[in-house]
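Okay, here's what each chain looks like letter by letter:
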Amino acid sequence: MSGMLDGKTAVITGGASGIGRQIGRRYAEEGANLVVADLQNEPREGGTPLVEEAESMGVSATYVECDVTNTAQLQAAVDAADEFGGVDVMVNNAGIFRGKEFTAVEESEFDQMMDVNVKGVFFGAQAAAKKLLEDGREGSIINMSSVAGLTGSAQYTTYCASKGAVRLLSYSLASELGPEGIRVNAIHPGLIETEMTTEDVPIIGTEGGDQYKQSIPLGRWGEPADVADGALFLASDLSSYVNGESLVIDGGMTYA
Ligand code: NAD
């Protein structure tokens, strides 16, 4: 059976865990080869590393140790896709989530948030774009924003500022790279059950979280698979006329 991404290669930052890992699984199911670019190979949530899972599905995959705040390591991750024919899809997914009262935020915390969530996406997109332009090929760049990049939120000022920057960066790149056949879109997940929302900033699984969940029109938290299906759409030819879009995957919590 032919897959929607047969013969394509995707580089996924933060691909070892959570949403990125599920995007990788979904892409592999549809025939894509993978470069998993992450600080670690082991999934934060436990289980089999994505590279092994993907290989068992019959595609090629490799892990590249990559801190997205390091532009040389990002470039190396994109270059690793050459082994499989070159990058076609770049998913700038790696990110961190922290909450703190605005007046207590320290400069180092602000810098860390911007380094990972904004600089990492900016130079990840740049590395992929340079490669695609050099090779004269079309491609799809997908940047992971958040519903926090659409609306403000008390206690999450650095995160919201970083994800808002990803949104406008994506629109700008859609304009600049569109004429070259490189589509750039952003995804805005709502609250998705991963280590990020159960461990780093515990929302899911808490009493306050359960109350909040009732305000989500679809009445449940998101799963990484919900986001992965959107990322598949944006990577595939199904979205060949979609460029500069903000795909909100949040069960209706933002606009309903
Ligand atoms: P996660 O913590 O489960 O996974 C994140 C992965 O990114 C991990 O494997 C981690 O090692 C990696 N990573 C972190 N810093 C990195 C760095 N400097 N360089 C390379 N890799 C790095 O998180 P998740 O929930 O899967 O989140 C993925 C993306 O989705 C993030 O950008 C996050 O902001 C965004 N997002 C998540 C949610 C949610 O509710 N979980 C909602 C909206 C947006």
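Preceding this paragraph is the structure being described.
Every value quoted in this text rests on a predicted model; they were computed, and no experiment measured them.

Caption draft 1: Focus on the pairing of strand β5 (residues 139-144). Here β5 lies mainly inside the structure; 6 of its 6 residues are buried. Across the two faces of β5 the burial is the same, with Gly 139, Ile 141 and Asn 143 and Ser 140, Ile 142 and Met 144 all buried. Where strand β4 (residues 89-92) and β5 come together, 4 bridges link them in parallel fashion. Residue pairing in the sheet places Val 89 in a bridge with Ser 140 of β5. Pairing analysis gives 6 bridges linking β5 to strand β6 (residues 182-189), with the strands arranged parallel. The residue bridging Gly 139 from the neighbouring strand is Ile 182, located in β6.

Caption draft 2: Structural context of the side chain of Lys 163. For Lys 163, the position within the fold is in helix α5 (residues 157-177). No salt bridge forms around the buried Lys 163; measuring N to O, its nearest opposite-charge neighbour Asp 200 is 11 Å away. When sequence neighbours within four positions are dropped, the list of residues in contact with Lys 163 reads Asn 117, Met 144, Ser 145, Ser 146, Ala 148 and Gly 149.

Caption draft 3: Up close: the sheet that holds strand β1 (residues 9-13). Pairing within the open sheet is parallel, and its 7 strands lie in the order β3-β2-β1-β4-β5-β6-β7. This sheet does not close on itself; its edge strands, each paired only once, are β3 (61-65) and β7 (246-249). Here the average twist between neighbouring strands, direction ignored, is 15 degrees. Of the strands in this sheet, β1, β2 (33-38), β4 and β5 are in contact with helix α1 (residues 18-29), which crosses β1 at around 170 degrees.

Caption draft 4: Just unusual backbone geometry, in detail. Unlike most non-glycine residues, Gln 155 shows phi in positive territory, near 80 degrees. In this structure, Gln 155 sits in the loop between β5 and α5. For Gln 155, a relative accessible area of 42% translates into the label partly exposed.

Caption draft 5: Local environment of the site of the ligand. Taken together, 27 residues lie around the ligand, and Asp 38, Asn 93, Tyr 159, Ile 192 and Thr 194 are the ones closest in. Between the ligand and Val 68 there is a distance of 3.0 Å, counted from a nitrogen atom to a backbone nitrogen or oxygen. Within the complex, 96% of the 830 Å² of free accessible area of the ligand lies under protein. By residue class, the composition of the shell around the ligand is 12 nonpolar, 11 polar and 4 charged.

Caption draft 6: Molecular detail of α5. With 21 residues, α5 should reach 30 Å at 1.5 Å per residue; the first-to-last C-alpha distance of 30 Å fits that figure. For α5, the secondary structure elements touched by its buried residues are α4 (107-135), β5 and β6.

Caption draft 7: Region of the structure containing the pattern of salt bridges. Counted according to the given criterion, the structure contains 13 salt bridges. For Asp 82, the salt bridge identified is with Lys 131, shortest N-O distance 2.9 Å. Here the residue Asp 82 occupies a position in the loop between α3 (71-80) and β4, and Lys 131 occupies one in helix α4, the gap between them amounting to 49 residues. Exposure remark for Asp 82: the relative accessible area of 37% places this residue in the partly exposed category. Between Arg 137 and Asp 88 there is a salt bridge, with its nearest N and O atoms 2.9 Å apart. One end of the pair, Arg 137, is in the loop between α4 and β5; the other, Asp 88, is in the loop between α3 and β4, and 49 residues separate them in sequence. The class for Asp 88 is buried, based on a relative accessible area of 12%. Taken together, the salt bridges that share partners define one network made up of Arg 21, Arg 25, Glu 45 and Glu 53.

Cut-offs and rules
- Residues numbered from 1 in each chain as written.
- Predicted model: local features only at pLDDT ≥ 70, side-chain atom pairs only at ≥ 80, totals over all residues.
- Heavy atoms only, no water.
- Buried < 20%, exposed > 50% of the residue type's maximum accessible area, 1.4 Å probe, protein only.
- Helix = DSSP H or I, 4+ residues; strand = E, 2+ residues; numbered from the N terminus.
- Pairing = 2+ DSSP bridges.
- Lys, Arg positive; Asp, Glu negative; His and termini not counted.
- Salt bridge = Lys/Arg side-chain N within 4 Å of Asp/Glu carboxyl O.
- Contact = heavy atoms within 4.5 Å.
- Axes fitted to C-alpha atoms, helices over the stretch in contact; angles between N-to-C directions.
- Near = heavy atom within 4 Å.
- Polar contact = N/O pair within 3.5 Å; in protein donor to acceptor, adjacent residues only side chain to side chain.
- Areas by Shrake-Rupley, 256 points an atom, 1.4 Å probe, with all protein chains shown as cover.
- Nonpolar A, V, L, I, M, F, W, Y, C, P; charged D, E, K, R; others polar.
- Expected span 1.5 Å × (residues − 1).

What is shown is where atoms sit, not what they do.
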